[in-house]
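A look at the structure
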Amino acid sequence: MKALKQLFSLQAIWYLAFAALFSYVVPIIFAVAGTNDVLRIEFILFLINVAYAVLVGIIIGKKDQTIIFTIFFPLLFQISYSSFFGGFSSYVRYFGPVYLLMTLLAYGASKD
């Protein structure tokens, strides 16, 4: 009951909003800035998204929130990046599960 109540709360909207920001807006900013593919891959996939995934896992674990929130970012990442990086046939499809794993590990490490 507690997990369902948290899922339909203002916190869930914030988690979705920030997940959408990192999944949709950040790649658009890098694309508009005219960066090359290597720079986009390095900064977005390996630096920004990894830090965000770990940070979200820690926050969710520390605040003792439902584990369902850990799915928001990797799911939106898979949906959005399929259009930015050439579809699900690309290597980027492997990053969603990696981000989910990182978020879950950070979630578990931050639980008391």
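Overview of the structure. Position labels on residues start from 1 in each chain and follow its written sequence. Where local features are concerned, this predicted model is filtered to residues with pLDDT of at least 70; where side-chain atom pairs are given and counted, the filter is 80 or more; whole-chain, interface and lining totals use all residues. Side-chain metrics in this entry use all non-hydrogen atoms of the structure; hydrogen atoms and water are not considered.

1. With respect to unusual backbone geometry
The phi angle at aspartate 64 is positive, at roughly 55 degrees, despite the residue not being glycine. Numbered from the N terminus, helices here are DSSP runs of H or I no shorter than four residues, and strands are runs of E no shorter than two. Here aspartate 64 shows up in the loop between helix H3 (37-62) and helix H4 (72-84). Throughout this description, buried means an accessible area under 20% of the type-specific maximum (1.4 Å probe, protein chains only), exposed means over 50%, and partly exposed covers the range between. Assessed through its relative accessible area of 39%, aspartate 64 is described here as partly exposed.

2. Observations concerning the packing of aromatic side chains
To pair, rings of Phe, Tyr and Trp, with the six-membered ring standing in for Trp, must have centres within 6.5 Å; the planes then decide the type, stacked if under 30 degrees apart, edge-to-face if over 60, and tilted in the middle. In total, this model carries eleven aromatic pairs according to the counting rule given. Look at tyrosine 52 and phenylalanine 73: their rings are 4.9 Å apart centre to centre, the planes differ by 75 degrees, and that puts the pair in the edge-to-face class. With tyrosine 52 in helix H3 and phenylalanine 73 in helix H4, the pair connects residues that are 21 residues apart, well separated along the chain. Classification of tyrosine 52 by relative accessible area gives buried; the value is 8%. Classification of phenylalanine 73 as buried rests on a relative accessible area of 4%.

3. Quick look at H3
Each residue after the first adds 1.5 Å to the expected span of a helix. If you check H3, its first and last C-alpha atoms are 36 Å apart, about what 26 residues at 1.5 Å a residue would give, namely 38 Å. Asparagine 49 marks where H3 bends most, by close to 35 degrees. Along H3, the positions that sit buried rather than exposed are Arg40, Ile44, Leu45, Asn49, Tyr52, Ala53, Val56, Gly57, Ile60 and Gly61. What we call the bend at a residue is the angle made by axes fitted to the seven residues finishing there and the seven residues starting there.

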